[in-house]
Protein chains: 2
Amino acid sequence: MDAKFMELAIKEAKKALKRDEVPIGAVIVSGGKVIAKGHNLTESKKIATRHAEMIAIEKASRRLKSWRLDGAEIYVTLEPCAMCAGAIVNARIKKVYFGAYEKKSGCAESKYPVLTDAGLNHSAEFVGGVEEERCSALIKNYFAAKRKEAKKISEIQP
Amino acid sequence: MDAKFMELAIKEAKKALKRDEVPIGAVIVSGGKVIAKGHNLTESKKIATRHAEMIAIEKASRRLKSWRLDGAEIYVTLEPCAMCAGAIVNARIKKVYFGAYEKKSGCAESKYPVLTDAGLNHSAEFVGGVEEERCSALIKNYFAAKRKEAKKISEIQP
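Just so you know, these numbers come straight off a predicted model, no measurement behind them.

### Re unusual backbone geometry
Residue and element names in this part refer to chain B.
- In this structure, D20 takes a positive phi of about 60° despite not being glycine.
- Position of D20 relative to the elements: it lies in the loop between α1 (3–18) and β1 (25–30).
- You can call D20 partly exposed: its relative accessible area is 42%.
- Although it is not a glycine, E131 sits at a positive phi angle of roughly 50°.
- Relative to the helices and strands, E131 resides in the loop between β5 (125–127) and α5 (132–156).
- We classify E131 as partly exposed; its relative accessible area is 35%.

And the structure:
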């Protein structure tokens with residue numbers, strides 16, 4: 001675990017926030033170097049698959065010219081959903097460091113143990129709760145602001 | 001269920017086969033019309049996320065200019081993996097028809113019930129085993145040919 005990589009993932013999450021996206025960021029590291037970064041662009045791109053991890057995995061594969069990211073590590077600010085955990089396994093990523101837990105739908109351990117499932121083609125180690133409070137606060141504040149905004153609109157409209 | 005859409009998915013799978021990819025195909029239907037098709041391109045693109053379903057979901061979203069594919073149905077020749085089942089849920093697809101079961105890693109029902117999980121943001125209905133034998137034979141024959149090829153090479157090389 002290298003704290004500076006989670007800082008970079010948080011920086012990515014803040015880029016998503018600037019675009020009014022749910023603030024989630026990811027960074028992929030191979031051989032001690034960052035090889036790809038990504039932030040959530042679901043709303044901007046209008047495509048449900050444009051999560052931070054997916055964007056980073058695709059960039060890393062293009063860079064390495066390989067769908068196998070053997071030995072790579074991913075730092076992500078939120079516990080990956082089923083789609084992203086599945087992509088991490090499919091891409092043979094070695095280890096996942098994530099920030100906030102996603103109790104409802106996270107697929108490292110909260111909902112289904114997709115990452116570590118020994119029955120799948122590959123299993124990835126993970127460490128959860130890295131800079132948990134900061135990663136979690138980013139998302140909570142985003143949704144709190146959204147709710148406030150929605151309340152204001154409903155008060156204006158008769 | 002409309003048999004002609006699974007035929008189109010099988011046709012997509014055969015396109016993958018022609019490119020020496022694991023033969024899996026998918027078709028997305030909305031309002032009774034095909035709005036997107038896709039076939040597995042993992043090896044050609046060298047990206048682990050290029051499964052048939054992912055390609056079709058992204059095409060459909062671009063076409064409808066929406067990450068929400070409410071009311072849409074997907075026909076796919078193989079039970080979706082965790083990544084694809086997660087993407088189907090994320091994209092709010094209404095119903096999934098799949099061909100062959102993937103006992104080891106399928107996430108409709110074989111491994112984890114990702115599609116129908118009431119705890120996630122959305123749940124999709126599914127029907128498995130549509131044209132099961134043909135869909136399954138395509139994949140089995142592909143891997144049998146690959147094994148034969150590998151055996152030949154090992155016999156040539158000392």
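### Considering the relation of the copies chain B and chain A
- Overlay of chain B on chain A (RMSD 0.0 Å): rotation 180°, translation along the axis 0.0 Å. The transformation just described matches what one would write down for a two-fold rotation axis. Residue M83(B), judged by its C-alpha, is the member of chain B lying nearest the rotation axis, at 1.9 Å.

### A word on the pairing of strand β3 (residues 73–78) of chain B
Residues and elements named next belong to chain B.
- Burial within β3 is extensive, with six of its six residues counted as buried.
- Examined bridge by bridge, β1 and β3 share four bridges and lie antiparallel to one another. Following the sheet pairing, V27 is matched in β3 by Y75.
- Here β3 runs beside strand β4 (residues 95–100); their pairing, made up of five bridges, is parallel. Its bridge partner lying in β4, V76 is registered against F98.

### Quick word on the pattern of salt bridges
All names here are of chain B.
- For the structure shown, the criterion picks out 24 salt bridges over all chains.
- Measuring nitrogen to oxygen at the nearest pair gives 2.8 Å for the salt bridge that ties K15 to E12. Taken together, the residues span about one helical turn, with K15 and E12 both in helix α1 at a distance of three residues.
- On the basis of relative accessibility, which here comes to 35%, the residue K15 falls in the partly exposed class.
- A salt bridge links R134 to E131; the nearest nitrogen and oxygen atoms lie 3.2 Å apart.

### As for the interface of chain B and chain A
- With 33 residues of chain B at the interface, the matching set in chain A holds 33 residues.
- Here chain B meets chain A over a buried area of about 2,600 Å², counting both sides, of which 64% is carbon and sulfur.
- Considering only the surface of chain B that becomes buried against chain A, K46(B), W67(B) and Y112(B) emerge as the three largest contributors, covering 22% of it.
- At the junction of chain B with chain A, the criterion picks out four salt bridges.
- Note that R50(A) is salt-bridged to E58(B), the shortest N-O span being 3.1 Å.
- On the surface where chain B and chain A come into contact, there are 14 residue pairs in polar contact (both at pLDDT 80 or more).
- Secondary structure elements with two or more residues in the side of chain B that touches chain A: α2 (42–45), α3 (52–64) and α4 (82–90) of chain B.

### Examining the environment of S110(A)
Residues and elements named next belong to chain A.
- You can see S110 is positioned in the loop between β4 (95–100) and β5 (125–127).
- Take S110: its relative accessible area is 23%, and that puts it in the partly exposed class.
- Distance from S110 to G31, taken between C-alpha atoms, is 29 Å for residues 79 residues apart in sequence.
- If near-sequence neighbours (up to four positions away) are discounted, S110 is found in contact with E79, Y101, E102 and K103.

### With respect to the side chain of K95(B)
Residues and elements named next belong to chain B.
- Looking at the element boundaries, K95 is found in strand β4.
- Classification of K95 by relative accessible area gives buried; the value is 19%.
- Not counting residues within four places of it along the chain, the set of residues in contact with K95 comprises A72, E73, I74, E125 and V127.

### Overview of the side chain of E58(B)
- As for its position among the elements, E58(B) is in helix α3.
- By relative accessible area, E58(B) is classed as buried at 5%.
- At 2.7 Å, the side chain of E58(B) and the side chain of T49(A) are in polar contact.
- Looking at E58(B), its side chain comes within polar contact range of the side chain of R50(A), at 3.1 Å.

### Observations concerning the pairing of β4(B)
- In terms of burial, β4(B) is a largely internal element, six of the six residues being buried.
- With α4(B) bridging β3(B) and the parallel β4(B), this β-α-β connection has right-handed handedness.

Rules of the game
- Residues numbered from 1 in each chain as written.
- Chains lettered and ligands numbered in written order.
- Predicted model: local features only at pLDDT ≥ 70, side-chain atom pairs only at ≥ 80, totals over all residues.
- Heavy atoms only, no water.
- Helix = DSSP H or I, 4+ residues; strand = E, 2+ residues; numbered from the N terminus.
- Buried < 20%, exposed > 50% of the residue type's maximum accessible area, 1.4 Å probe, protein only.
- Least-squares fit on C-alpha atoms with pLDDT ≥ 70 in both.
- Pairing = 2+ DSSP bridges.
- Salt bridge = Lys/Arg side-chain N within 4 Å of Asp/Glu carboxyl O.
- Contact = heavy atoms within 4.5 Å.
- Buried area = accessible area lost by both parts, 1.4 Å probe.
- Polar contact = N/O pair within 3.5 Å; in protein donor to acceptor, adjacent residues only side chain to side chain.
- Right-handed = clockwise from strand over helix to strand, strands pointing away.

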